Structure formats: structure tokens, C-alpha cells
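Per-entry structural report
The primary structure of each chain is shown beneath.
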Amino acid sequence: MSENAAVHPPGFLVHPTRFLFFTGKGGVGKTSIACATALSLADSGKSVLLVSTDPASNLDEILDAPLGNLPVAVPGAARLSVLNIDPTVAAESYRARVLAQMGPDASDQDRSLVREQLSGACTTEIAAFDEFVGRLADDAGPYDHIVFDTAPTGHTLRLLSLPKAWSGFLEGNDQGASCLGPHSGLKTQEARFKAAMAALCDAESTTVILVTRPEISAIAEAARTSTELRALGLSNQHLAVNGVFRASDRSDATAVSLEAQGREALAGMPRSLRALPRDDILLQPFEMMGLGALRSLLGPGRGPAAPRPGRLATPFADDLPALDRLIDLLAADGRGLIMVMGKGGVGKTTIAASIAVGLVERGHTVHLSTTDPAAHLAMTITGEVSGLRVDRIDPKAETGRYIEKIMRQRGPDLDAQGRDLLREDLASPCTEEIAVFHAFSRIVAEARSAFVVLDTAPTGHTLLLMDETGAYHRQMSRQTASHQLGARIVTPLMRLQDPDYTRVLLVTLAETTPVSQAGALQDDLRRAHIEPYAWIINKSLLAAGTRDALLQQRLLGEQRQIDRVRGGMADRLFFVPWQAAPPIGLPALQALAHLRSQAPPIHLN
């Protein structure tokens, strides 16, 4: 399957369904393959709409086209249009529709209450999904094909599961309101949601392309996603393995190890994925930016394009400070919150775990946790370490605890019918967001007396959590002002804004898209008055060194991105070289934390 794939078009393009749904772990190349697919269909004469549901989308950068909440034509690609479902715009539109359902008799107080209930992060997710549903229901629309580039896996699965959750929540419940909106008004949407799921589950209409890389963690994520999507009824699945590498120089240890890692990961693929039709897409010597690069990805032959002429300014940079230097700086604080953030797939979990291990080895007690719905901490750290506590914020467990807490607090004052209505109201999908936020707040508070290393979810989901933190901050500020309390309330957001309390580390790869998204995340954090402490470039081939012609070509792009970050994006910059073996397990993490630097940290500003 994989060897023959290089001379044939990918299977999902042979007889394409109307809806093509690309999903997978962050950083595996979903957007590149979705764009290349949409472009290929348009070039074949079909009218195509490319839709992104990712809050951290970079379609505009890849296609060099301005994006909006309405379709826009892509220059240089006849018959191809693109739109990005902007969560903020979608949320405001959703709020307006919900308020309009209340009718002319609703009081200003009632409208104000509903608007307040519709101000949370969960409403933003629901609104984005509502836009997504509209595209699926567009049976009479002008497009032959609609290609969906989805958010990272955990976020996407939440959106796909919402219609079932809503249906159960709305059934028999026509009173009250939540961050979904007034219950009676939402019932009118139920048929629309069911129709959307029916389209997704129809094998004649929809193909789900699971995108992965030839890496153990990405393949494991694809297998989990496949199982969960099948449970939702989406069984028409196809596997695309992106970035398959074949070494051209057998004397190059880095190139040979990179190829071997990929072959071993694919050889250990779970049976559930082996049963799927599969295409392998070879690693290209340049990034997928622009229509020319995209056309080469799935075009005739589908082999790697010939490397372009070029030469590194310095074959091996001598100013690449490693992780040990950063850990030394963090350890000097004695305690605090360390938040590791960035685009999915850049290695946040590995970096967070290595920093935690390094702090423990320097004599500190550390709590390592994650807010990522698709957490891999247990897979990264195998074995117990004295002084290190490892866990994750489990949304289901936290939701159960939160519901029981509310029932204990409010249930005794209600009759049996009132308690039933309260429990039904707490069955809202939005309760999970609130419960996770409370757990997040508890962990943040622990950093007053010890180190807490928090491995965050992929960027879009993290920003939703940060929005919940900001909403809580505003609510507490209003309550403090209205009650004229003398005591100063310290909210989670205030702790995140305190540079003596919190160190935010942005992890990226030396590639255009991850660097751009890390920069966008930094801008969002700064708007919330949170200043990142340092950037970390992970899996650096420049730091590892290679002579392979294709990899050397990629080093040119890597050096451009390093220069870009050094040009004013980061105050402190550290590097983690690409590893010949995946850094899984305690010895590998300890080795990563012990990589010694040959130069002091780079202070760029």
C-alpha cells in the first residue's frame, strides 16, 4: 500500500464523496493535505469550498488569501473558495439569534441574563459548530465538494459529540436557560443537528480522512480518534500518513534514524488502522506554503520534489542553548507555575515532562499535570519519580465531582421535582467546561508553595480555557465592587498575569506555521496582559546536524524561521535537538533535560 502510493493519486481522490472531513492530532499536516485535496479537486474542474473549523487556523498563510466568515475566492485557483469559521464572529451571531427567539415580551433583565449566560467559552464552541452544521445541511448549495479542515482532535471530538448531548439535554426540558441559550428555543435546532450527523454518518456523502505522521504518538492518537468516530457512527474512514521519509545518504546517522523511526512506528500500527485504506505521502524538502507547493504534494508521481539550490549560512549553529539552561533559570525561582503552550504536535508534552524531571533532579517537588483532552503524559513518563506527582484534568471525572458538589449545595433546599430539574440542567454539555475550569484553578493555586508544570491543550482549546479564566476574573471583580468587599480577591487570571508567579513557555517547531501560530498565541496572551517567558524550538535538525540532501533543504527553511524568531518574537530562545529515538520514558526525559549547552541563553531584546 505505502510503496505503491507514490505513483497513484490518493485513494480518497479516486471517487471523492461530496464531504471530505480531515482530522487528526495537531501538527500532522491536516491543513496542508486538506488544502492540497481541495486544490486538486478544483483543478479537475469541480467547484469546491474549503472550510476550517480550527480556532487557530492558518489557511490564509498557506493559501495567501484573506479569510472571513463568508466564502472568498482563492487567487490562482479557479473554482476554489475558502472560509474560516471565526469563533468570535460565530458566537456573536449565535447570541443574536438566541436573543431574537425570546420575542418582544422579554424584559431587558431577562435579555441581559441570557447574554451573560452566552458569554462563556462553551457558547463559542457551540456557535462554531452551528456554522459547521449549516455547511453540512447545504444540500442544494453550489459546491460539488466541501472539504473540512478540522481543529485538533480533542476539540473536534467535542464538537462532533455535541448534537447527541444536546438531544438528550433538550428532550423533555422546555424550561430555564444555560450557555446553550433558552431551552425552548434550542429545541427548534434539534432536527438540524440530527440532519448534520446523518450527513456525516452517510458513507455515500462523507469520507473521514485520518491524518497522521509516521510517529508512535500520532499513530496512537489516530487509532483513538478512529474508534471514537466509529462510535459516533462515522465509519467511512481513510488513513493518510504524512511526512514519510526515505534517506538518500545511508552514511548520515540522522537521516537513517529518522527513516527507521518512521518504519518502526508504521510497523507497530494498531490493527484498527491497518484495516483502513491507506496512502503514504512523502516528506517534501520545503514547507507547504503557496499553491505551487500544494499542487506538488498530491500531484502526479507524488514523490518528494527535487531539492532547490541553497546553502546554510552556518552549517552548525554554535549559539543554540539547550533545555538545561532553561531549567536552571526556572529552578532558581524555588516555586511557581510553569505553563507549556503551543500548537498541537510541537512536542509540548515531552518538553513539559522533561522540565518537570529536571526540576525534581535539582531538588524540587513538582506537580506535572495537563489540560489536554488527548493527554499523553502517561505514555511519556513510564515509571515513578520521587518528588514528582503526575496526573491530568479528566473532564468526565471533574464534571461528575462538580455536579455532585452543586447538588449537595443546592439540592437540600429543593423538592424532588426541583432536584430533578437541577440535575437535568447540570447535564448540559457546558457543565464540563465549568468543571475543568475549577480544576484548572485549583492546580494554579498550588504553585504558591511548589512547582506546578502544566502541559496545556493545543492552542485553540487553551485559549477557550483562558477565556473562562478571564470571564471568572470579570465576574469576581463585579461581585467585589458590588459588595464593596475589603479583602482583595486573587483570581486565576491575576496569577497568570504575575511574572513572579507564572512562567509561560511557548513551544514551536522551526517551521512557518508553528512559528506563526506561536506568535499569534503570544499576541493573544499579551492582550490578556500575560507575557511569555521564553520560546523553545523543538526537534531542531539544525541542532542535530545532517548531510542528507532533502533534510539539508529543510534546514534552510529552519534557519529562516530561527532568524525570524530571533528578529523580535522572543526574549529568550532555547533549542531541543531532534532525537534519534523518541523521548519516551524516564531515562529519555532525563537525557533530554541533561543536554548541555555550549552557549549562554540568548537574550534578544
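This write-up is about the structure you can find in this document. (Residues numbered from 1 in each chain as written. Predicted model: local features only at pLDDT ≥ 70, side-chain atom pairs only at ≥ 80, totals over all residues. Heavy atoms only, no water.)

Things to note about the overall build of the protein
- A count of helical and extended segments in the protein gives 24 helices and 18 strands.
- Within the protein, contacts between residues at least 6 apart in sequence are counted, and of these 77% link residues at least 24 apart.
- As displayed, the protein has an accessible area near 24800 Å², and 52% of this comes from carbon and sulfur atoms. (Helix = DSSP H or I, 4+ residues; strand = E, 2+ residues; numbered from the N terminus. Contact = heavy atoms within 4.5 Å. Areas by Shrake-Rupley, 256 points an atom, 1.4 Å probe, with all protein chains shown as cover.)

Some thoughts on the pairing of strand 9 (residues 237–244)
- Of all eight residues in strand 9, eight are buried, a share of seventy percent or more.
- Here strand 8 (residues 206–212) runs beside strand 9; their pairing, made up of five bridges, is parallel. Residue pairing in the sheet places V208 in a bridge with Q237 of strand 9.
- Considered for its hand, the β-α-β crossover made up of strand 8, helix 9 (residues 216–231) and strand 9 is right-handed.
- The pairing of strand 9 with strand 10 (residues 278–282) spans five bridges and is parallel. Paired with L239 across the bridge in strand 10 is R278. (Buried < 20%, exposed > 50% of the residue type's maximum accessible area, 1.4 Å probe, protein only. Pairing = 2+ DSSP bridges. Right-handed = clockwise from strand over helix to strand, strands pointing away.)

A few points about the side chain of T370
- Structurally, the position occupied by T370 is in strand 12 (residues 366–370).
- What makes T370 buried here is its relative accessible area of 1%.

Points about the packing of aromatic side chains
- Within this structure, the stated rule accounts for three aromatic pairs.
- Taken together, a centroid distance of 6.2 Å and an interplanar angle of 50° make the contact between F21 and F148 tilted. One end of the pair, F21, is in strand 1 (residues 19–23); the other, F148, is in strand 5 (residues 145–149), and 127 residues separate them in sequence. The same class applies to F21 as to F148, namely buried.
- The rings of F19, F21 and F148 are connected pair by pair, giving a single aromatic cluster.
- The cationic tip of R572 hangs over the ring face of Y533; the distance from NZ or CZ to the ring centre is 4.1 Å. (Phe/Tyr/Trp six-rings, centres within 6.5 Å; stacked < 30°, edge-to-face > 60°. Lys NZ or Arg CZ within 6 Å of the ring centre and 35° of its normal.)

Things to note about the packing of helix 13 (residues 323–331) against helix 14 (residues 348–361)
- Look at helix 13 against helix 14: their axes get within 10 Å of each other, and the N-to-C directions meet at 60°. Classified by the angle between their axes, helix 13 and helix 14 sit oblique to one another. The handedness of the crossing between helix 13 and helix 14 is right-handed. Listed contacts from helix 14 to L323, L326, I327, L330 and A331 of helix 13 are I351, S354, I355, G358 and L359.
- Residue classes in the contact of helix 13 with helix 14 are distributed as eight nonpolar, two polar and no charged. (Axes fitted to C-alpha atoms, helices over the stretch in contact; angles between N-to-C directions. Parallel < 35°, antiparallel > 145°, perpendicular 65-115°, else oblique. Left-handed = near helix turned anticlockwise from the far one by under 90°. Nonpolar A, V, L, I, M, F, W, Y, C, P; charged D, E, K, R; others polar.)

So, the nonpolar core
- Ranked by size, the top nonpolar core spans 43 residues in total, and within it L337, M339, F440 and W535 carry the most contacts.
- The greatest single-element share of this core, amounting to six residues, is contributed by helix 18 (residues 430–446).
- Filtering out sequence-adjacent residues up to four positions away, L337 remains in contact with V444, A447, V452, L454, L496, Y501, T502 and R503.
- Grouped together as the second largest cluster of nonpolar side chains are 42 residues, A127, V133, A196 and L200 included. (Core = buried A, V, L, I, M, F, W, Y, C linked by side-chain atoms within 4.5 Å.)

A short note on the sheet that holds strand 10
- Spatially, eight strands are ordered 3-4-2-5-1-8-9-10 in an open sheet, and the strand pairing comes out mixed. Unpaired on one side and paired on the other, strand 3 (72–73) and strand 10 mark the two borders of the sheet.
- Sheet contacts for helix 9: strand 1, strand 8 and strand 9; angle to strand 8, the most-contacted strand, approximately 160°.

Observations concerning helix 14
- Across its 14 residues, helix 14 extends 20 Å between first and last C-alpha, which sits within 8% of the 20 Å expected from 1.5 Å per residue.
- In terms of burial, helix 14 is a largely internal element, 13 of the 14 residues being buried.
- Within two residues after helix 14, G363 carries a phi angle of roughly 95°, on the positive side. (Expected span 1.5 Å × (residues − 1).)

Observations concerning the environment of C35
- Relative to the helices and strands, C35 resides in helix 1 (residues 30–43).
- Along the backbone, C35 and L80 are 45 residues apart, and their C-alpha atoms lie at a distance of 10.0 Å.

Observations concerning the pattern of salt bridges
- Tallied over the entire structure, the rule returns 17 salt bridges.
- Put simply, E511 and R554 hold a salt bridge, and the shortest N to O gap is 3.5 Å. A residue pair is termed long-range when its members are at least 10 positions apart, and E511 in the loop between strand 15 (502–508) and helix 21 (512–527) and R554 in helix 23 (residues 549–566) qualify at 43 residues.
- Judged by its relative accessible area of 24%, E511 is partly exposed. (Salt bridge = Lys/Arg side-chain N within 4 Å of Asp/Glu carboxyl O.)

Comments concerning unusual backbone geometry
- Even without being a glycine, R79 presents a positive backbone phi close to 75°.
- Inspection of the secondary structure assignment puts R79 in the loop between strand 3 and strand 4 (80–84).

What to know about the packing of helix 21 against helix 23
- Taken N-terminus to C-terminus, the directions of helix 21 and helix 23 make an angle of 15°; their axes are 10 Å apart at the nearest point. Overall, the two elements helix 21 and helix 23 adopt an arrangement that is roughly parallel. Where helix 21 crosses over helix 23, the handedness of that crossing is right-handed. Within the contact between the two elements, helix 21 uses T512, V515 and S516 and helix 23 uses Q561, R564 and V565.

The values reported here are purely geometric and, on their own, carry no functional implication.
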